[in-house]
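One letter stands for each residue in the lines below.
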Amino acid sequence: MTPDFLVIGAGVAGLQAAIELADAGDVLVVAKDSIWESSSAYAQGGVAVALSDDDEIALHEQDTLAAGDGLCDPVAVQALVQQGPAAIQRLLEWGAAFDRDGMKLAFGREGAHSRNRILHANGDSTGREMARTLYQKAASLPNVRIESFTAMTDLLVANGTVTGAVFFDELSQNLTPVYARATLLATGGMGRIYRDTTNPDVATGDGVAVAYRAGAELSDLEFVQFHPTALLVPGAPRFLLSEALRGEGAFLRNVKGERFMDRYSPMLELAPRDVVARAIVAEAQRTGADHVLLDLTHLPKGFAETRFPRIYATCKQFGIDLDTEPAPVTPAAHYAMGGVRSGLSGMSSLPRLYLAGEVACTGVHGANRLASNSLLEGLVFGALAGSAMKRWAKTPMERGEVPGEAEFPQMEESTLRSLAWEKCSLLRDRHRLDCLLRQLANVPSAPGRGSRALHELRNMKQVLELIARCALVREESRGAHHRLDFPETKEAFRKHSLITLGSEVRFD
Ligand code: SIN
């Protein structure tokens, strides 16, 4: 079947858009891996929404703008905070089971929020519950088809208009085109570019890379959020230890057992994420360690297991009992504030190409995302994009040329990820960025049809180079972007960086 609408990505944003589109035509939703391998499904921390009795939409707006450090698009922020409550109500009607205090929804606290406004599900499995609810709803709609293990390699473009996408079949090595009247990229983030990341393996920046190659405008790629507390156990993935742990009173201590956040921020453990992440790096360096400790041992015994079952069980699996000992933690790449430039309704700079979720840069997060705003973003902007795409229903469908072989970088993925970490992560400067760009430019490439892993590596290299180019020209520090050689925030840079294929980075 040739669908009317193609949705690439089956996290919260993609599924929400598909539900919205279902009354306008046939919708095909594709996931690169199992549909449970999305950043949404991994999201523990919660979903921020101004629904509690003592909260106000204006306060959520204010906190989001403050976190964004002067770069939020105020209209996008208003859309998020104003449409958020209705989006959550809709999800409740479709059966989402958020945690409750008796009959009432239970609202938790996280860093840089002025009110308790974070909803959770099963303590620390919020994204999974939201994705489950949306999947069930989407799968019940006769017009929606969901296919997993379907990897996109490029967009199809005819006369500057996006006409669908190409998918790679690992077995036959064939490239298959899927045409559609409108295409949505809801492919999530790019954390896997970095050696240390909280993201699932699928987060290889595919959406940003294919949109760039197709000619779309990208924005604010230099702003990558590093979560302060990922579990640091040698050989294990950097499992996220949610900010909600600190929201519930967990302390950060250095390896000598001293609390240290008072040296870095009056907000202590609940300071903005970038401040806490840099404080951890500084404190680890000061004490000659590669980590600090996240300590819950002063909280009542059994609390961690009841309130954070997944986190407790995972730490236990790696030999750490949070009731009796602190967990070693380190910052890890977590969320991309930048991405494919997108209007409020998800429209890209290319006709018939739409974006929603982490791959999009609507400007809603500015230079730094407020904790737990991204699941809400997926719901609100997924619905807006789905609704906007309906205008293409019943319009003529165009074709496009299927690309043949691609050029694949001849380098190990682990080398790329280590380079990204060493030269373009929390602390940046001209020397490191120049050096990274030179090293990437010298990587040889070879043509071929590739494999899924090679297509991912190609995308990761492309996106890393774009991040480094944008980071190099932003000669200031703002939000998550910290330049050791330009530590001040500069008014002249209160602009979005923009980049398109074949052009230099510019600011707008
Ligand atoms: C967390 O639980 O700390 C992550 C939540 C988020 O990134 O919004």
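Figured I'd write up the structure that's included with this text. This structure is a prediction, so every number in the text was calculated from the model and none was measured.

## Examining unusual backbone geometry
Alright, step 1. Unlike most non-glycine residues, Ala112 shows phi in positive territory, near 65°.
Alright, step 2. Of note, Ala112 is situated in the loop between β5 (104-105) and β6 (118-119).
Alright, step 3. Residue Ala112 is classed as partly exposed on the basis of its relative accessible area of 22%.
Alright, step 4. Positive phi values are uncommon outside glycine, yet Gln173 reaches one of about 65°.
Alright, step 5. Looking at the element boundaries, Gln173 is found in the loop between β9 (161-168) and β10 (175-179).

## So, the pattern of salt bridges
Alright, step 1. A complete count under the given rule lists 38 salt bridges for this structure.
Alright, step 2. Residue Lys32 pairs with Asp206 through a salt bridge whose shortest N-O separation is 2.7 Å. Here Asp206 lies in helix α6 (residues 206-214) and Lys32 lies in the loop between β2 (27-30) and α2 (39-42), a separation of 174 residues in the sequence.
Alright, step 3. Classification of Lys32 by relative accessible area gives buried; the value is 15%.
Alright, step 4. When the shortest N-O distance is used, the salt bridge between Arg478 and Glu476 registers 2.8 Å.
Alright, step 5. In this structure Arg478 comes out as buried when scored by relative accessible area, which is 3%.
Alright, step 6. Three or more residues are tied together by salt bridges with common partners; here these are Lys32, Asp33, Asp206, Arg452 and Glu456.

## Looking at the state of the cysteines
Alright, step 1. Considering all chains together, one arrives at zero disulfides under this definition.
Alright, step 2. With no disulfide of its own, Cys424 lies 9.6 Å from the sulfur of Cys470, the closest cysteine sulfur.
Alright, step 3. Classification of Cys424 as buried rests on a relative accessible area of 0%.

## Some details on the environment of Ser265
Alright, step 1. Mapped onto the elements of the fold, Ser265 is located in the loop between β14 (251-253) and α8 (273-286).
Alright, step 2. Measuring from C-alpha to C-alpha, the distance between Ser265 and Ala388 comes to 43 Å, with 123 residues separating the pair along the chain.
Alright, step 3. If near-sequence neighbours (up to four positions away) are discounted, Ser265 is found in contact with Ala271 and Val275.
Alright, step 4. Separated by 3.0 Å, the side chain of Ser265 and the backbone nitrogen of Met267 make a polar contact.

## Some details on the site of the ligand
Alright, step 1. Residues in close proximity to the ligand include Gly45, His227, Leu240, Ser242, Glu243, Arg273, His334, Arg369, Ala371 and Ser372, which together make up its full environment.
Alright, step 2. Here His334 contributes a side-chain N or O atom positioned 2.6 Å from an oxygen atom of the ligand.
Alright, step 3. At 2.6 Å from an oxygen atom of the ligand is found a main-chain nitrogen or oxygen belonging to Ser372.
Alright, step 4. Here the ligand, which alone exposes 260 Å², has 94% of that area covered by the protein.
Alright, step 5. Residue composition of the shell around the ligand, by class: two nonpolar, five polar and three charged.

Criteria and cut-off values
- Residues numbered from 1 in each chain as written.
- Predicted model: local features only at pLDDT ≥ 70, side-chain atom pairs only at ≥ 80, totals over all residues.
- Heavy atoms only, no water.
- Helix = DSSP H or I, 4+ residues; strand = E, 2+ residues; numbered from the N terminus.
- Buried < 20%, exposed > 50% of the residue type's maximum accessible area, 1.4 Å probe, protein only.
- Salt bridge = Lys/Arg side-chain N within 4 Å of Asp/Glu carboxyl O.
- Disulfide = S-S within 2.5 Å.
- Contact = heavy atoms within 4.5 Å.
- Polar contact = N/O pair within 3.5 Å; in protein donor to acceptor, adjacent residues only side chain to side chain.
- Near = heavy atom within 4 Å.
- Areas by Shrake-Rupley, 256 points an atom, 1.4 Å probe, with all protein chains shown as cover.
- Nonpolar A, V, L, I, M, F, W, Y, C, P; charged D, E, K, R; others polar.

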